[in-house]
Amino acid sequence: MPELELLLLSPVAVKTEFQRQHISKELIEYGFERAAQMGYKAVIVEGNPQNYRPRGFQTSADLGIMAGRTVSLPSPECLMVKELVEGALLHINGMVDYSDYEFLT
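Model, not experiment: these values are computed from the prediction. (Residues numbered from 1 in each chain as written. Predicted model: local features only at pLDDT ≥ 70, side-chain atom pairs only at ≥ 80, totals over all residues. Heavy atoms only, no water.)

Draft legend 1. Highlighting the overall build of the protein chain. Looking only at helices and strands, the protein chain features two helices and six strands. When its helices and strands are written in sequence order, the protein chain yields β-α-β-α-β-β-β-β. Against the 2.2 N^0.38 benchmark of 13 Å for 105 residues, the protein chain shows a C-alpha radius of gyration of 14 Å, consistent with a compact globule. In terms of overall dimensions, the protein chain has C-alpha extents of about 40 × 30 × 25 Å along its principal axes. Counting every position in the protein chain, which comprises 105 residues, the buried fraction comes to 30%. Look at the contacts in the protein chain between residues 6 or more apart in sequence, and 74% of them connect residues 24 or more apart. (Helix = DSSP H or I, 4+ residues; strand = E, 2+ residues; numbered from the N terminus. Rg over C-alpha atoms; globule rule 2.2 N^0.38 Å. Buried < 20%, exposed > 50% of the residue type's maximum accessible area, 1.4 Å probe, protein only. Contact = heavy atoms within 4.5 Å.)

Draft legend 2. Structural detail: the packing of aromatic side chains. Under the defined criterion, the tally for this structure stands at two aromatic pairs. Ring centres of Phe32 and Phe57 lie 5.7 Å apart, and the angle between their planes is 45°; this geometry places the pair in the tilted category. In this pair, Phe32 sits in helix α1 (residues 23-37) while Phe57 sits in the loop between α2 (49-52) and β3 (58-59), placing the two residues 25 residues apart along the sequence. Taken individually, Phe32 and Phe57 each receive the classification buried, so the pair is uniform in this respect. Consider the rings of Tyr52 and Phe57, whose centres lie 5.5 Å apart with planes at 85°: the pair is edge-to-face. Just as Tyr52 is buried, Phe57 falls in that class too. (Phe/Tyr/Trp six-rings, centres within 6.5 Å; stacked < 30°, edge-to-face > 60°.)

Draft legend 3. Representation of the pairing of strand β1 (residues 6-9) within the structure. Two strands pair when backbone bridges link them, and β1 and strand β2 (residues 42-46) are joined in this way by four bridges, in the parallel orientation. Residue pairing across strands places Leu8 opposite Ile44, the latter belonging to β2. (Pairing = 2+ DSSP bridges.)

Draft legend 4. Layout of the environment of Ala42. With respect to the helices, strands and loops of the structure, Ala42 is situated in strand β2. It is 14 Å that separates the C-alpha atoms of Ala42 and Tyr30, two residues lying 12 residues apart in sequence. Residues contacting Ala42, with those up to four places away along its chain left out, are Glu5, Leu6, Leu7, Lys82, Glu83, Leu84 and Leu89.

Pasting the structure below:
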């Protein structure tokens, strides 16, 4: 099912007093497992590259996936993707658009 190829993950946040205990790492890894079980081939996230690169994410723009006008980022490097299946992003490119979500705020 093509609509199940790329999953948008929400950024991970851990309360200050619980940071540095690998909680965010475990949450992210669990998210990868669940996404793969559900049939997703890749995940995309907005966040600090320092937090997500160690988990295997790379800048989405490097793979032809760009932030559209509805995506507000401090820098292009903050939109990142990770393949759950090798080669999954070879045929995925274009613009990320949140206009379907404008009424959720």
